[in-house]
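Secondary and tertiary structure notes
What follows is each chain in one-letter form.
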Amino acid sequence: MNKRDLISITDLSEKEILSILKKAIDLKKDLKNEMEKTDILKNKTLVMIFEKPSLRTRLSFEIGMTQFGGHAVYLGPSDIGLGKRESVEDIAKVVSSMGDIIMARVFDHKNVEKLAKHSTVPVINGLSDLEHPCQILADFQTILEVKGQLKGLTLGYVGDCDNNMVYSLALGSALLGMNFRCAAPKGFEMNKEMLQKAQSLAQTTMIQTNDPKEAVKDADVVITDTWTSMGKEEEKEERKKIFKPYQVNQALMKLAKKDAIFMH
């Protein structure tokens, strides 16, 4: 059986995404009800490669492995020097010869693609500059838990749209039959290639606009993200000025449906 990687949200079909979300919801309920911890990952080791630091990503992967009977190994930037001290190809070969699965949180999307190409075990994209599939699966899980469905819902995103969150959200929405709208200041829109890819997959509405009101009007879910992503800290003050009109506040939320939920 060929190994499966999760590099892009589009590596999964609609059926597979829904199956993963259902399983995740069931496992979450089991843990909350203090049932016996499952051993579905017993004797399995996840190797976590962090080129970018993170609180939530490390905690969720490491604790998740522990809860399900497995083990996680953390490799930070100084441990391996991805593509610097050792080539990405060599790292993939060495890590996959010992571990059972790899999760990589990187700057350049090409590096996680290289890891997958040269690894003999599955590779998960824990974040890259292009996509953030695990975060989006978690977001879809929350929406499904609250709304009871995904197909037919309208998601409105406001903020920086040249963003890995937006790209995975747009692609995932297209796969799941959700309407997706995003609003950004001029110069911060989705790149054309990713927008076209999402639109080609979609049988629903897929809109890019500069008007936050248009993105949020009658939306079931309103989403935003930080205005200053990791690595762009020197732009923080300038970005505050540019994105101030794109703040999600009570006035903007009133344009969404009455039962709309807000996510960050």
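This report concerns the structure included in the present document.

1. Things to note about the overall build of the chain
Counting its regular elements, the chain contains 11 helices and nine strands. Its C-alpha radius of gyration of 19 Å places the chain within 12% of the 18 Å reference for a compact globule of 264 residues. Considering only C-alpha atoms, the chain reaches an extent of 50 × 45 × 30 Å along its principal axes. Counting the 264 residues in the chain, one finds 47% classified as buried. Of all intrachain contacts in the chain linking residues separated by at least 6 positions in sequence, the fraction that spans at least 24 positions is 72%. Taken as a whole, the chain presents about 14000 Å² of accessible surface, with 52% of it coming from carbon and sulfur. With 38 positive and 37 negative side-chain charges, the chain shows a separation of 3 Å between the mean positions of the two kinds.

2. Here we look at the pairing of strand 5 (residues 154-158)
The element strand 5 is extensively covered by neighbouring structure, given that five of its five residues are classed as buried. Here strand 5 shows two buried faces, one formed by Thr-154, Gly-156 and Val-158 and the other by Leu-155 and Tyr-157. As paired elements, strand 5 and strand 6 (residues 179-183) share five bridges and run parallel to each other. From the neighbouring strand, Val-158 faces strand 6, where its bridge partner is Ala-183.

3. Regarding the sheet that holds strand 9 (residues 261-263)
Pairing within the open sheet is parallel, and its five strands lie in the order 7-6-5-8-9. If you trace the sheet from one side to the other, it starts and ends with strand 7 (206-209) and strand 9, each paired once. Taking each pair of neighbouring strands and ignoring which way they run, the sheet shows an average axis angle of 15°. Across three bridges, strand 8 (residues 221-223) lies against strand 9 in parallel orientation. Following the sheet pairing, Ile-223 is matched in strand 9 by Met-263. Against the sheet, helix 6 (residues 133-147) contacts strand 5, strand 8 and strand 9, and its axis sits at roughly 165° relative to strand 9.

4. What to know about the side chain of Lys-52
Mapped onto the fold, Lys-52 is located in the loop between strand 1 (45-50) and helix 2 (56-67). No salt bridge forms around the buried Lys-52; measuring N to O, its nearest opposite-charge neighbour Asp-129 is 7.8 Å away.

5. Focus: the nonpolar core
The biggest cluster of nonpolar side chains holds 60 residues, and the ones touching the most others in it are Phe-140, Ile-143, Leu-155, Phe-180 and Met-190. With nine residues, the single largest contributor to this core is helix 7 (residues 164-176). In this structure, Phe-180 is in contact with Leu-155, Tyr-157, Val-166, Leu-169, Ala-170, Ser-173, Thr-205, Met-206 and Ile-207, ignoring residues within four places of it in sequence. Ranked by size, the runner-up nonpolar core spans 18 residues in total, among them Val-47, Leu-75, Leu-82 and Leu-115.

Analysis parameters
- Residues numbered from 1 in each chain as written.
- Predicted model: local features only at pLDDT ≥ 70, side-chain atom pairs only at ≥ 80, totals over all residues.
- Heavy atoms only, no water.
- Helix = DSSP H or I, 4+ residues; strand = E, 2+ residues; numbered from the N terminus.
- Rg over C-alpha atoms; globule rule 2.2 N^0.38 Å.
- Buried < 20%, exposed > 50% of the residue type's maximum accessible area, 1.4 Å probe, protein only.
- Contact = heavy atoms within 4.5 Å.
- Areas by Shrake-Rupley, 256 points an atom, 1.4 Å probe, with all protein chains shown as cover.
- Lys, Arg positive; Asp, Glu negative; His and termini not counted.
- Charge placed at Lys NZ, Arg CZ, Asp CG, Glu CD.
- Pairing = 2+ DSSP bridges.
- Axes fitted to C-alpha atoms, helices over the stretch in contact; angles between N-to-C directions.
- Salt bridge = Lys/Arg side-chain N within 4 Å of Asp/Glu carboxyl O.
- Core = buried A, V, L, I, M, F, W, Y, C linked by side-chain atoms within 4.5 Å.

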